[in-house]
Amino acid sequence: MNVASVIVDVAAMQTDRPFDYEIPERWREVIQPGMRVIVPFGPRHVQGFVLEIKEDTEIRKLKPIVEPMDIVPVLSEELMKLAQWLTIESLCFKISALHVMLPAAMKAKYSKLIRLTGEKSLSPELASLFEDQTEIPWEVASEADALTDIRKEVKNGTIEVIYSVKSKGRTKTVRMVKCLLSEETLAETVETIAKNAVKQKEALLAFSGRRGDWLTLKETGMSPATAKSLIRKGWIEEKQEEMYRDPHSGRHFEPDKPLSLTENQQEAIAPILATITDGTTETFLLHGVTGSGKTEIYLQSISRVIEKGQEAIVLVPEISLTPQMTERFKRRFGNDVAVLHSGLSIGEKYDEWRKISRKEVKVVVGARSAVFAPFENIGLIIIDEEHETSYKQEENPRYHARDVAIWRAAYYKCPVILGSATPSLESFARAKKGVYTLLTLDRRVNDRPLPSVDIIDMREELREGNRSMFSRTLFDKIKDRLEKEEQTVLFLNKRGYSSFIMCRDCGYVAGCPHCDVSMTYHRHRHQLKCHYCGYEEPAPNICPECGSEHIRHFGTGTQKVEEELLKLLPEVRIIRMDVDTTGTKGSHERLLRQFANKEADILLGTQMIAKGLDFPNITLVGVLSADTMLHLPDFRSSEKTFQLLTQVSGRAGRHHLSGEVVVQTYTPEHYSIQLAAEQNYESFYQKEMMMRNMGGYPPFYYLALINVSHKEAIEASSAANKIVAKIKPSLSQAAVILGPVASPIARINDRYRWQCLIKYKREPKLTVVLKEVLEHYAKQGKSNGLLVSIDVHPYMLM
DNA sequence: AGCACGCCGACT
DNA sequence: GTCGGCGTGCTC
């Protein structure tokens, strides 16, 4: 057993296979599969993951492993298998699949150094570069244009190039000190200390009664300088203790007790508890209307899992990973919970990951990537708001957390709960087919009625002369809430509707010069910004096309709504939540707290306020423009609209005050708006399934999307055509290929984009052919600048 | 992906 | 004649 098969940290088609290395004698007992190692690869050193340990290999010129990066494997056998599966399912590189399972802190950091060997002296120019150091970063030499000289010196042997590999993250340590003096000598020693060494005296006295304990410097009250001199005198010793960064430091979570379940909840939880007890795998779809108490079912199921000595993973969409949500878990399970969300620093995430890895916690609550939590005895995986598209990763590996959860649950023989008030069509269809077990919560806790919903036809408003963005009904209701001192939530569906600049004379719209999209207007800096490539420029004051001064920002950004509202109701207190106001860390939390404390009458925001808000004083929810995303070129747009409207409506009247919802729209007759207003999921499901069947879309067909991009439109389009020609013969009659066509956003970052969509039911050969396409274009495309990417089961069709 | 090797044009 | 441009091919 002295050969290790290693996946190296080079994401490329040609290196996407194991490379064999000799395990040096001294590491034979140490190195195991799932560990990270540093290996020589060509002239440099790279990080790699040990796949397996073998007796022998075909390869003759084996190089030895430089050094292991871990003492114990960072990936379990299960996660290694999962990575293998991910690679095949999502057509990604093995290294990408391995990386996605680990915190960013464990990614390798590469640096190149040049070092003097000290054999001969250097030319004065190079010597001045080094000054009196023996090592300098490669970049320093490169910037000084000294690379040619260095190459020569490397040949001469006076300089060597060092390729260094380090782990990005560091463990945080704290300095601990312990008194080495016995209780009696401590008192004596204190007497002998020089009179002016007051600090040392105080420090030693801090140890009285706790002589044998390790204390932090803070606890003893001594400064680093004092510690240093006491160590020199041999009176105390020190060590570095590893510690966790605590993102919740200083916060206390009041413990809570399980609530008693309603009859409805009891019926739903019973089958879940049974599978937990039996240790069988099963996927439950928990379909519960907003406010029906899904979270309590999660909490009590987890309790059962913990009692059984197992662990649980809870996934929530990033935007609902708010303090309100996580607090419930912290209160119920105390220190048994780790929370993983994007607000944590790399170091904090690393610490949470280590707590999980060491089994110091029993429950993980986190966004998509938490599905890879390194537990080894999983008893339950929960995906809340199952329908959320954020569970699909849009970069490689393009995985869906739901699929990963089901894979892991099958491995550990445990249940999965998919919870939602508005399940995705895919999941609901599977539940109807009996692939998943459907559990229904059709009543709100305490039988509070669902809010009443008014649909307002904005065309009608316009016809009757109301040109504001508030219908009369909505405006009256807002005024009414102000009088009653109740709170209102106004929801603006921003997608595809952010403010842009348009000339009212010639119709010119300010577009990005590098992408085929209009740029977004940022009022505070009077700038235009492209959300796809990041390009920015000052907003024009006159039209660049016709010179007209009638150029202004259009669309209904949240800022505009706020302005108009303040014009109509100068007294009103508004909290605006959008990308502008929630940019800084913790601002999201702060704004919500302000609203909860009734420091504002109206909460105005985008997507991010659709979820998880649960404040008793909200009695009115207004949706300013329900149909803005209905017209996007996406077969899921009706489903998304329905889900969003249902979610938002659910924010009103969750407590003793009953709620009202006003939905403004230009297409009031659309079924997703009508049925969302009725909160009629079943009818929506039926209707939408009919549409999907007609269009040949999921869940009736699977999809695979091929994207091709190139600087030249012709190149992109001809490559796309060739790809289709190559794939077509391998597919059955039942498969449909749409395209190739130019992508809905035909150009991003000066690259023209073409795509084609494959619709299929069962194509055993498809993944093989797609892999071949990728391989072919990885080789060829590198030289001519063509980029090909494939998304199996895509969510983003743009 | 990086990096070296290798084969052709513009310079001391 | 050399320096250095970037096409090609390899990395256990």
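Residues numbered from 1 in each chain as written. Chains lettered and ligands numbered in written order. Predicted model: local features only at pLDDT ≥ 70, side-chain atom pairs only at ≥ 80, totals over all residues. Heavy atoms only, no water.

- For chain A, the name recorded in an unreviewed UniProt entry is Replication restart protein PriA, with Domibacillus mangrovi as its organism.
- As its UniProt record puts it under Subunit (unreviewed entry), chain A is described as follows: "Component of the replication restart primosome." (UniProt positions renumbered as here; feature names shortened; annotations may be inferred.)

1. Remarks on the packing of aromatic side chains
Turning to step 1, where the next piece is worked out: Across all of its chains, the model carries 13 aromatic pairs by this definition.
Turning to step 2, where the next piece is worked out: Taken together, the ring pairs connect Phe428, Phe642, Tyr671, Tyr681, Phe684 and Tyr685 into an aromatic cluster.
Turning to step 3, where the next piece is worked out: Its guanidinium or amino end placed over the ring of Tyr350, Arg354 lies 4.8 Å from that ring's centre, counting from NZ or CZ.
Turning to step 4, where the next piece is worked out: Note that Lys355 overlies the ring of Tyr244, its terminal NZ or CZ placed 5.3 Å from the centroid. (Phe/Tyr/Trp six-rings, centres within 6.5 Å; stacked < 30°, edge-to-face > 60°. Lys NZ or Arg CZ within 6 Å of the ring centre and 35° of its normal.)

2. Let's talk about helix α14 (residues 401-412)
An α-helical turn contains 3.6 residues, so any two residues separated by three or four positions project in the same direction.
Turning to step 1, where the next piece is worked out: Here α14 spans 16 Å end to end across 12 residues, near enough to the 16 Å set by a 1.5 Å rise per residue.
Turning to step 2, where the next piece is worked out: Buried within α14 are the following residues: Ala401, Arg402, Val404, Ala405, Trp407, Arg408, Ala409 and Tyr412.
Turning to step 3, where the next piece is worked out: Of the residues flanking the end of α14, it is Lys413, one or two places downstream, whose phi is positive at about 55°. (Helix = DSSP H or I, 4+ residues; strand = E, 2+ residues; numbered from the N terminus. Expected span 1.5 Å × (residues − 1). Buried < 20%, exposed > 50% of the residue type's maximum accessible area, 1.4 Å probe, protein only.)

3. Remarks on the sheet that holds strand β4 (residues 44-54)
Turning to step 1, where the next piece is worked out: Ordered in space as β5-β2-β1-β4-β3-β6, the six strands form an open sheet in which the pairing is mixed. If you trace the sheet from one side to the other, it starts and ends with β5 (63-64) and β6 (67-68), each paired once.
Turning to step 2, where the next piece is worked out: Where strand β1 (residues 3-8) and strand β2 (residues 19-22) come together, four bridges link them in antiparallel fashion. By the bridge assignment for β2, Val6 is matched with Phe19. (Pairing = 2+ DSSP bridges.)

4. Re the pairing of strand β29 (residues 618-623)
Turning to step 1, where the next piece is worked out: Within β29, six of the six residues are buried, which leaves it mostly tucked inside the rest of the structure.
Turning to step 2, where the next piece is worked out: Sheet topology places strand β21 (residues 487-491) next to β29; five bridges connect them, and they run parallel. For Gln487, the partnering residue across the bridge sits in β29 and is Ile618.
Turning to step 3, where the next piece is worked out: For β29 and strand β30 (residues 660-665), the ladder comprises four bridges, and the chain directions are parallel. Pairing of Gly622 across the sheet is with Val662, part of β30.

5. A word on the protein's contact with DNA strand B
Turning to step 1, where the next piece is worked out: Surrounding DNA strand B, one finds Val10, Ala11, Ala12, Gln14, Pro43, Arg44, Lys112, Tyr163 and Lys782.
Turning to step 2, where the next piece is worked out: Considering DNA strand B, the proportion of its atoms within 4 Å of the protein that are sugar or phosphate atoms stands at 60%.
Turning to step 3, where the next piece is worked out: Within the contact set of DNA strand B, a base nitrogen lies 3.2 Å away from a side-chain nitrogen or oxygen of Arg44.
Turning to step 4, where the next piece is worked out: In the environment of DNA strand B, a phosphate oxygen lies 3.4 Å from a nitrogen or oxygen atom belonging to the side chain of Lys112. (Near = heavy atom within 4 Å. Polar contact = N/O pair within 3.5 Å; in protein donor to acceptor, adjacent residues only side chain to side chain.)

6. What to know about the protein's contact with DNA strand C
Turning to step 1, where the next piece is worked out: For DNA strand C, the set of nearby residues contains 14 residues, the closest of which are Asp20, Gly42, Lys61, Lys63 and Thr148.
Turning to step 2, where the next piece is worked out: The sugar-phosphate backbone supplies 47% of the atoms of DNA strand C found within 4 Å of the protein.
Turning to step 3, where the next piece is worked out: Note that a phosphate oxygen of DNA strand C is positioned 3.3 Å from one of the side-chain N or O atoms of Tyr21.
Turning to step 4, where the next piece is worked out: A distance of 3.1 Å separates a phosphate oxygen of DNA strand C from a polar atom in the backbone of Pro40.
Turning to step 5, where the next piece is worked out: Elements represented by at least two residues in the surface near DNA strand C include exactly β2 and β3 (36-41).
Turning to step 6, where the next piece is worked out: The greatest single-element share of the surface near DNA strand C, amounting to three residues, is contributed by β2.

7. Regarding helix α1 (residues 77-90)
Turning to step 1, where the next piece is worked out: Given a rise of 1.5 Å per residue, 14 residues ought to cover 20 Å, and the 20 Å separating the end C-alpha atoms of α1 matches this to within 8%.
Turning to step 2, where the next piece is worked out: Within α1, burial applies to Glu78, Leu79, Met80, Leu82, Ala83, Leu86, Thr87 and Ser90.
Turning to step 3, where the next piece is worked out: On its buried side, α1 packs onto β4, α2 (94-99) and α14.
Turning to step 4, where the next piece is worked out: In the segment just after α1, Leu91 is the residue with positive phi, at about 55°. (Contact = heavy atoms within 4.5 Å.)

8. Observations regarding empty space enclosed by the protein
Turning to step 1, where the next piece is worked out: Per the stated rule, a full pass over the model turns up five cavities of 30 Å³ or more.
Turning to step 2, where the next piece is worked out: Quantified by volume, the second largest cavity comes out at close to 60 Å³.
Turning to step 3, where the next piece is worked out: Residue lining of the second largest cavity: Ile7, Leu51, Met80, Ala83, Gln84, Thr87, Lys94, Ala97 and Leu98, and that is the complete set.
Turning to step 4, where the next piece is worked out: Residue contributions to the lining of the second largest cavity peak at four residues, all from α1. (1 Å grid on protein atoms, 1.4 Å probe; cavity = no way out; pocket = protein on both sides within 12 Å on 5 of 7 lines; lining within 4 Å. Points joined across faces, edges and corners; volume = space filled by probe spheres on them.)

9. Concerning the side chain of Asp601
Turning to step 1, where the next piece is worked out: Residue position: Asp601 is located in the loop between α19 (587-596) and β28 (602-605).
Turning to step 2, where the next piece is worked out: Looking at Asp601, the relative accessible area reads 14%, which means it is buried.
Turning to step 3, where the next piece is worked out: Leave out the neighbours within four places in its chain, and Asp601 touches Leu482, Glu486, Gln487, Thr488, Val572, Arg573 and Phe595.

10. What to know about the sheet that holds β29
Turning to step 1, where the next piece is worked out: The six strands lie next to each other as β20-β30-β29-β21-β28-β27, forming an open sheet whose pairing is parallel. Edge positions in the sheet fall to β20 (452-457) and β27 (574-577), since each has one partner strand and no second. In this sheet, adjacent strand axes meet at a mean angle of 15° when their direction is disregarded.
Turning to step 2, where the next piece is worked out: Lying on the sheet, α19 is in contact with β21, β27, β28 and β29; it crosses β27 at an angle near 155°. (Axes fitted to C-alpha atoms, helices over the stretch in contact; angles between N-to-C directions.)

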